[in-house]
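Geometric and topological summary
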2 protein chains.
Amino acid sequence: MSHRLPTRVRIVEVGPRDGLQNEQQPISTDLKVELIERLANAGIATIEAGSFVNPKWVPQMAGSDEVFRQMGRTPGVQYAALTPNLQGAQRALEAGASELAIFAAASEAFSQKNINCSIEQSLVRFKPVMELAHTAGIPVRGYVSCVVGCPYQGEVEPQVVAQVSRQLLDLGCYEISLGDTIGVGTPASITRMLDAVAEEVAIDLLAVHLHDTYGQAIANIYASLLRGVRVIDSSVAGLGGCPYARGASGNVATEDVLYLLDGLGIEHGINLQAVAEAGHFITQALGRPNGSRAGRALLAKSD
Amino acid sequence: MSHRLPTRVRIVEVGPRDGLQNEQQPISTDLKVELIERLANAGIATIEAGSFVNPKWVPQMAGSDEVFRQMGRTPGVQYAALTPNLQGAQRALEAGASELAIFAAASEAFSQKNINCSIEQSLVRFKPVMELAHTAGIPVRGYVSCVVGCPYQGEVEPQVVAQVSRQLLDLGCYEISLGDTIGVGTPASITRMLDAVAEEVAIDLLAVHLHDTYGQAIANIYASLLRGVRVIDSSVAGLGGCPYARGASGNVATEDVLYLLDGLGIEHGINLQAVAEAGHFITQALGRPNGSRAGRALLAKSD
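Quick caveat, the model's predicted, so the values are computed rather than measured.

**Looking at the sheet that holds strand E5 (residues 140-145) of chain B**
Residues and elements named next belong to chain B. In space, the eight strands of this closed barrel follow the order E1-E2-E3-E4-E5-E8-E9-E10, with parallel pairing throughout. Averaged over all neighbouring strand pairs, the angle between strand axes comes to 25 degrees, with direction disregarded. As paired strands, strand E4 (residues 99-105) and E5 are joined by six bridges and run parallel to one another. What sits directly across from Phe103, in E5, is Tyr143. Contacting E4, E5 and strand E8 (175-180), helix H8 (residues 158-171) crosses the sheet at an angle of about 165 degrees to E5.

**Digging into the interface of chain A and chain B**
In many reports, interface size means the accessible area that the parts give up when they come together. On the chain B side, the residues contacting the 33 residues of chain A number 33 residues. Carbon and sulfur atoms supply 58% of the area buried between chain A and chain B, which totals about 2800 Å² over both sides. Contact with chain B buries area across many residues of chain A, yet Tyr214, Tyr259 and Arg293 of chain A alone supply 28% of it, more than any other trio. In this structure, the connection of chain A to chain B is made through two salt bridges. A salt bridge links Asp212 of chain B to Arg293 of chain A, with the shortest nitrogen-to-oxygen separation between them at 2.3 Å. Going through the elements one at a time, helix H9 (187-198), helix H10 (217-226), helix H11 (254-264) and helix H13 (293-302) of chain A are the ones with two or more residues in the side of chain A that touches chain B. It is H13 of chain A that provides the largest number of residues to the side of chain A that touches chain B, a total of seven residues.

**A word on the environment of His268 of chain B**
Residue and element names in this part refer to chain B. Examined against the element boundaries, His268 turns out to sit in the loop between helix H11 (254-264) and helix H12 (272-286). Judged by relative accessible area, which is 10%, His268 ranks as buried. Once the C-alpha coordinates of His268 and Ile11 are considered, the two residues, 257 residues apart in sequence, prove to be 7.3 Å apart. The contact partners of His268, leaving out residues within four places of it in the chain, are Arg8, Val9, Leu258, Leu261 and Asp262. A distance of 2.7 Å separates the side chain of His268 from the side chain of Asp262, its partner in a polar contact. Within the local environment of His268, its side chain forms a polar contact with the backbone nitrogen of Ile270, the two atoms lying 3.0 Å apart.

**Brief notes about the nonpolar core**
Judged by nonpolar contacts, the single largest core of 208 residues is most densely connected at Leu178 of chain A together with Leu178 of chain B. In contact with Leu178 of chain B, not counting residues within four places along its chain, are Val144, Val147, Val161, Ser165, Met193, Leu194, Val197, Leu206, Ala207, Val208, His209 and Leu210 of chain B.

**Points about unusual backbone geometry**
Residue and element names in this part refer to chain A. Backbone geometry at Cys146 places phi at a positive 60 degrees, although glycine is not the residue there. Of note, Cys146 is situated in the loop between strand E5 (140-145) and strand E6 (149-150). Given the relative accessible area of 0%, Cys146 is considered buried. The backbone of Ala237 shows a phi angle near 60 degrees, a positive value even though the residue is not glycine. The class for Ala237 is buried, based on a relative accessible area of 0%.

Calculation rules
- Residues numbered from 1 in each chain as written.
- Chains lettered and ligands numbered in written order.
- Predicted model: local features only at pLDDT ≥ 70, side-chain atom pairs only at ≥ 80, totals over all residues.
- Heavy atoms only, no water.
- Pairing = 2+ DSSP bridges.
- Helix = DSSP H or I, 4+ residues; strand = E, 2+ residues; numbered from the N terminus.
- Axes fitted to C-alpha atoms, helices over the stretch in contact; angles between N-to-C directions.
- Contact = heavy atoms within 4.5 Å.
- Buried area = accessible area lost by both parts, 1.4 Å probe.
- Salt bridge = Lys/Arg side-chain N within 4 Å of Asp/Glu carboxyl O.
- Buried < 20%, exposed > 50% of the residue type's maximum accessible area, 1.4 Å probe, protein only.
- Polar contact = N/O pair within 3.5 Å; in protein donor to acceptor, adjacent residues only side chain to side chain.
- Core = buried A, V, L, I, M, F, W, Y, C linked by side-chain atoms within 4.5 Å.

Here's what the structure looks like:
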């Protein structure tokens, strides 16, 4: 396996969706739109801008239609939407999403508890979404959750992650994002998992989506880069908590990832200072602490 | 250079000294003593319990004499004291410190601003401390600060770090702790620095002392372990801010380091849950947020 670092990495910003959906308070469309525009202006080329799930379950994302309609579009930026089913995918395409995202768990227990069906059934349900996207000429990204651990079943076998990843690829996804949903991984388990998945899916088609629940996310990203991973999901200001452990950290912060990449001499094309300012803007507006350490340090320096 | 991880790592807990000295409020002797006793009971074998500097400059450490006298001692645990000069070293030995620590910067600008003399002069000044410790049969640890960056001069040459480390070793220190005082390192700069120092000082005699200002500390520790480093300084609950950037994070949290080591299968002999509880105890007593992500997640789970 490779120990050479990639020369360029693509960041997938998930703050406006995966981040904000875990906030306790309602968030205005204007605020979401300004956040997305700031992130696009900072040079982020893929932004998950909303989700078209049932607002009964995720009320914070109820206004995703308006968000997609209101926001200004920067040429070259992909604006992605998480879609749980055909109805959501249709709404997302009507609202102008340029990319869709579907998801499956690598844990049977999580799949049953979270979406009330088996992993296999969840994949079958996405077939009409894939057909719709294919007809519309829209790329679809696949998320795999619980890639190293599950809040219900504990450890997750790397082979199951590899298999689900392969199935999402076979469904037509252009990229598979491997999510450590509860942030229990360390470089050892992340590397073991990546090695297993890379036997089924080329490393170029893999992204990592790591949560910082136990403070390991940046180390896990470093380990992933050493394995040749070139796409990293992250969330400005570390937006998003962990729904399985109150008070615990959620998504890895985009600012901290960019600081790492800069230090490693890996290109990313993003203005870190502008992202830090976007992080300051949104955390001030939400009245919550800034979860990015690099962001806080940069803002303290520029005070 | 080695890419094999060590099988066992020793933790040097610096929270009661490097952590608490950066707190804004006065801290009672009783509180310090209980923290130290909890950490020793958790299985930590080296604890920096105080410092014998001029209380004019570091008022939080004024009571170190009483702390050393009051605390119960666990057999096999080293209780270290930071000592800036002969007078401090004498007080530390009288109070019963079982280990001393001296320090030098790898940055001329930092040395001048921080202790008002050159690196060379600072080393000469420690000779009487080393003689006293040698006569008393007490081991001395050497700290090097600013090993990858300095708040005044910016970048620091790895060769200077290597040279200062070598000089501290030649003075008689049994171990050299390499401090990224302002937390600007990433795995690339930390590895470059370690490779340079390892040409002058055997890797077995090196420790890393990393601050999490930019969220890189755990990744930097992972990179250090890959280089063969077997001693890690850390601070329970991430106690200690960064005096050079208000609001920024300070020391890496012991709980996060232990979680990393557990994940990597590296022995450390410490009860992580007990350390997390000590972190909860001290942050509650100080009324400050818990800076350990693993600590917060573990405490949320055991609620």
